[in-house]
Amino acid sequence: MRTLMLKKKNIIRLVTILVTLIFFGAIVFWHIYTPMEHLSTQQPGADNRPEGPARSADDVIIGEFFMRYAEGSSTLTGQWPCFRGSDYKNIVHTSHLINYTSDFPVQWKVETGEGYAAPVIYNGRVYFLDYNEQLSSDALRCFDLETGTELWRRWYRVPMKRNHGFSRTVPVISDKYIITFGPEAHVMCCDPVTGDLKWTLNLKKQFESEVPGWYSGQCPRVEDNQLILAPAGTEILMIGVDCETGEILWQTPNSPAYKLSHSSVTPMVIHGKKTYVYAAEGGVCGVSGEVADRGKLLWNVAWKPSVIAPSPLQLPSGDILLTAGYGAGGALLQVKNADSRWSATLIDQYKANEGLSSEQQTPILYEQMVITVPPNDGGGRRGKLVAYSPSNIRTPIWESAADERFGYGPYMVIDNHLFALTNTAELYIYKLEQRSMTLVRKQRIAEGADAWGPLAYADGYLMVRDAEWVYCLKVD
């Protein structure tokens, strides 16, 4: 019995030693074995995979990706084709009967990247520029106006850091194209129905444009099937681009050495001549829009606010109203033409609390009123709706109540009513009288923040946006 027990102990001892040796050998082998000794170093990009979100800003391929989600079926024909509408006045005349007696239902809403880029509406579709932080991408998105179904999206990677939002501009659209101006001055032209890419421009690369501190705010303009842009680069101030091909048809030399601002080019007729007026960083200029000398710099004048967002506004007198924030206030510009010799002079300048002023939204000229919202340095009228006579931009003729303040919110006229949105997405509606306004009703759209994107209207639908959502309201 004792012998049997000794044999079992010896067997256990041998097994233990054997297992220990095997385990120890495995550890030694794991440390000395080199599994990659027959492998060679692979150079970056040799596997031909596409670059990811880390791509640098200089390697942007505008419009490179596309996704179709659904087919559109709307029969609507209404249009809001560009920033401030087709006549640049931000005034709508409609046959739809607006329901002013009850709240407007939110037909649909969609979440966006942080920004203020507002939509255009065209034949039952809604388009706006967005930014996707996860993909580091600008994206042109297309939706059905009636249902809110996303139809397609075209996007491209462009790395950016949030700087109080990303996208800020409104596209321009027609039957044949939709054109966007991205935060980093990338221009993209697509087919509005199919989303097919037609052509692109990179203003930073091609014209050495210097993007403003809060990214690009210039909204593209189209006149006579030509895209009018102000790159304000080292050599070129303004260009005309064929909307079908992307060919640059004319260029205006940047002799005043102006830089890109947040303001948009505004077509005007000045002394009988079609003129493209631009408030750049450094000054204001007028460029001929006539076929005979299109692109010729007619006049320019120094005006140097640190930031310019509102577009110039032509008054009935022919003078041009200029407004800007950050202490700039306002100015009145007079243009003269004597024997084809053009000149421009600032005939009045004042601080924001001394006259008609605006920091972000472009004022509206409606009949005998110029409607605006003064900035934070506008004294006791800051943030209110205020109306001035076009013949006297120093003394208001009407202002909203003390508790009716709008900050940087947008406003537009629909027939004889003013629709104004507060910073926090509360909608006010005023009936417009001859020299005053009467509050009709107000409605909380959302508990939003920074609701600064310009309004858009067509076919009884009002498009509203705050920093992170776009809302579609049914208003008839």
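Here the structure is a predicted model, which means the values were calculated and not measured.

Peer 1: So what exactly am I meant to see when it comes to the overall build of the protein here?
Peer 2: Looking only at helices and strands, the protein has two helices and 35 strands in total. In the protein, which comprises 476 residues, the share counted as buried stands at 55%. Look at the contacts in the protein between residues 6 or more apart in sequence, and 56% of them connect residues 24 or more apart.

Peer 1: Quick question: what am I supposed to make of the packing of aromatic side chains here?
Peer 2: Taken as a whole, this structure holds 15 aromatic pairs when the rule is applied. Geometrically, the ring pair formed by Trp398 and Tyr430 is edge-to-face, given 5.9 Å between the ring centres and 80 degrees between the ring planes. Taken together, the residues Trp398 in strand E28 (residues 392-399) and Tyr430 in strand E31 (residues 426-432) connect sequence positions 32 residues apart. Tyr430 matches Trp398 in its accessibility class, with the two residues each being buried. Sitting over the face of the ring of Trp469, Lys109 holds its NZ or CZ atom 4.8 Å from the ring centroid. A cation over an aromatic ring shows up here: Lys474 above the ring of Tyr461, its NZ or CZ 4.8 Å from the ring centre.

Peer 1: Looking at this structure, I do not really get the state of the cysteines. What am I missing?
Peer 2: Under the criterion given, the structure shown has zero disulfides. For the unlinked cysteine Cys189, the closest cysteine sulfur is that of Cys190, found at 6.6 Å.

Peer 1: For this particular structure, what's the right way to read the environment of Ile179?
Peer 2: For Ile179, the position within the fold is in strand E10 (residues 178-181). Not counting the four nearest positions on each side in its chain, Ile179 is found in contact with Pro171, Val172, Val187, Met188, Cys189, Trp199, Pro220, Leu227 and Cys243.

Peer 1: Would you mind going over the side chain of Arg84 with me for this structure?
Peer 2: Relative to the helices and strands, Arg84 is located in the loop between strand E2 (79-80) and strand E3 (91-92). The buried charged residue Arg84 lacks any salt bridge partner; its closest oppositely charged side chain belongs to Asp87, at an N-O distance of 7.8 Å. At a separation of 3.1 Å, a polar atom in the side chain of Arg84 contacts the main-chain carbonyl oxygen of Tyr88. Ignoring any residue separated from it by four or fewer positions in sequence, one finds Arg84 in contact with Lys89, Asn90, Arg221, Leu313, Thr362, Pro363 and Ile364.

Peer 1: What am I meant to see in the sheet that holds strand E35 (residues 469-474) here?
Peer 2: Strand order across the open sheet formed by four strands is E4-E35-E34-E33, with antiparallel pairing between neighbours. The open sheet terminates on both sides in strands that have one partner only, identified here as strand E4 (106-111) and strand E33 (456-458). Each strand axis lies, on average, 15 degrees off the axis of its neighbour in the sheet, ignoring direction. Sheet topology note: the E4/E35 ladder contains five bridges and is antiparallel. Across the sheet, residue Lys109 finds its bridge partner in E35, namely Tyr471.

Peer 1: What am I meant to see in the sheet that holds E3 here?
Peer 2: The strands that make up a sheet are held in pairs by hydrogen bonds between backbone atoms, and each pair lies either parallel or antiparallel. Strand order in the open sheet made by the five strands is E3-E29-E30-E31-E32, with mixed pairing throughout. Single-partner strands in this sheet number two, and they are E3 and strand E32 (437-444).

Peer 1: Looking at this model, I keep getting lost on the pattern of salt bridges. Mind explaining?
Peer 2: Should the charged atoms of two oppositely charged side chains come close, the side chains can pair. Applying the stated criterion across every chain, the model contains 20 salt bridges. A salt bridge links Asp224 to Lys274; its shortest N-O distance comes to 3.3 Å. Of the two residues, Asp224 sits in the loop between strand E13 (221-223) and strand E14 (226-229) while Lys274 sits in strand E18 (residues 273-280), which places them 50 residues apart along the sequence. For Asp224, a relative accessible area of 49% translates into the label partly exposed. What makes Lys274 partly exposed here is its relative accessible area of 22%. The closest approach of N and O atoms between Arg444 and Glu426, which form a salt bridge, is 3.6 Å. Taken as a pair, Arg444 in strand E32 and Glu426 in strand E31 lie far apart in primary sequence, 18 residues in all. For Glu426, a relative accessible area of 17% gives the class buried.

Peer 1: Could you clarify how one ought to interpret the confidence of the model for the protein in this entry?
Peer 2: Any region with low pLDDT has predicted coordinates that should not be read closely. Averaged over the protein, the pLDDT score is 91; the fraction of residues at 70 or greater is 88%. Counting contacts from residues 35-53, a segment whose pLDDT is below 50, to residues more than four positions away or on other chains yields eight contacts.

Peer 1: Help me understand the side chain of Thr422, please; the structure alone is not making it clear to me.
Peer 2: Its place among the elements puts Thr422 in the loop between strand E30 (417-421) and E31. With residues near it in sequence (within four places) discarded, Thr422 still touches Arg405, Phe406, Gly409, Tyr428 and Ala451.

Peer 1: In this structure, what is going on with the nonpolar core? I would like to understand it.
Peer 2: Taken as a class, soluble globular proteins show a tendency for nonpolar side chains to be buried jointly. Tyr127, Ile179, Val187, Trp199 and Leu227 are the most contacted members of the largest nonpolar core, which totals 44 residues. By size, the runner-up hydrophobic cluster in this structure holds 35 residues, among which are Phe128, Ala456, Cys472 and Val475.

Peer 1: I'm lost on the pairing of strand E19 (residues 282-288) in this one. Help?
Peer 2: When a strand is regular, its side chains alternate between the sheet's two faces. Along E19, seven of the seven residues are buried, which leaves the element largely enclosed by surrounding structure. One ladder, built from six bridges, connects E18 with E19; its direction is antiparallel. Among the inter-strand pairings, Tyr276 is bridged to a residue of E19, identified as Val287. In sequence, E18 turns back onto E19 through a hairpin of one residue.

Peer 1: Help me out: how do you make sense of unusual backbone geometry in this one?
Peer 2: A positive phi angle, near 50 degrees, is found at His164, a position not held by glycine. Note on placement: His164 falls in the loop between strand E8 (150-157) and strand E9 (172-173). The partly exposed category is assigned to His164, whose relative accessible area is 40%. Although it is not a glycine, Ala185 sits at a positive phi angle of roughly 65 degrees. Topologically, Ala185 is positioned in the loop between E10 and strand E11 (186-190).

Peer 1: How should I be thinking about the pairing of strand E15 (residues 236-242) in this particular structure?
Peer 2: Burial runs high along E15: seven of the seven residues are buried. Bridge count for E14 against E15 is four bridges, and the pairing is antiparallel. Bridge pairing in E15 links Gln226 to Asp242. In this structure, the hairpin formed by E14 and E15 is closed by a connection of six residues, where Ala232 is found at a positive phi of approximately 45 degrees. Pairing between E15 and strand E16 (residues 248-253): five bridges, direction antiparallel. Among the inter-strand pairings, Ile239 is bridged to a residue of E16, identified as Gln251.

The rules behind these values
Residues numbered from 1 in each chain as written. Predicted model: local features only at pLDDT ≥ 70, side-chain atom pairs only at ≥ 80, totals over all residues. Heavy atoms only, no water. Helix = DSSP H or I, 4+ residues; strand = E, 2+ residues; numbered from the N terminus. Buried < 20%, exposed > 50% of the residue type's maximum accessible area, 1.4 Å probe, protein only. Contact = heavy atoms within 4.5 Å. Phe/Tyr/Trp six-rings, centres within 6.5 Å; stacked < 30°, edge-to-face > 60°. Lys NZ or Arg CZ within 6 Å of the ring centre and 35° of its normal. Disulfide = S-S within 2.5 Å. Lys, Arg positive; Asp, Glu negative; His and termini not counted. Salt bridge = Lys/Arg side-chain N within 4 Å of Asp/Glu carboxyl O. Polar contact = N/O pair within 3.5 Å; in protein donor to acceptor, adjacent residues only side chain to side chain. Pairing = 2+ DSSP bridges. Axes fitted to C-alpha atoms, helices over the stretch in contact; angles between N-to-C directions. pLDDT = per-residue confidence, 0-100. Core = buried A, V, L, I, M, F, W, Y, C linked by side-chain atoms within 4.5 Å.

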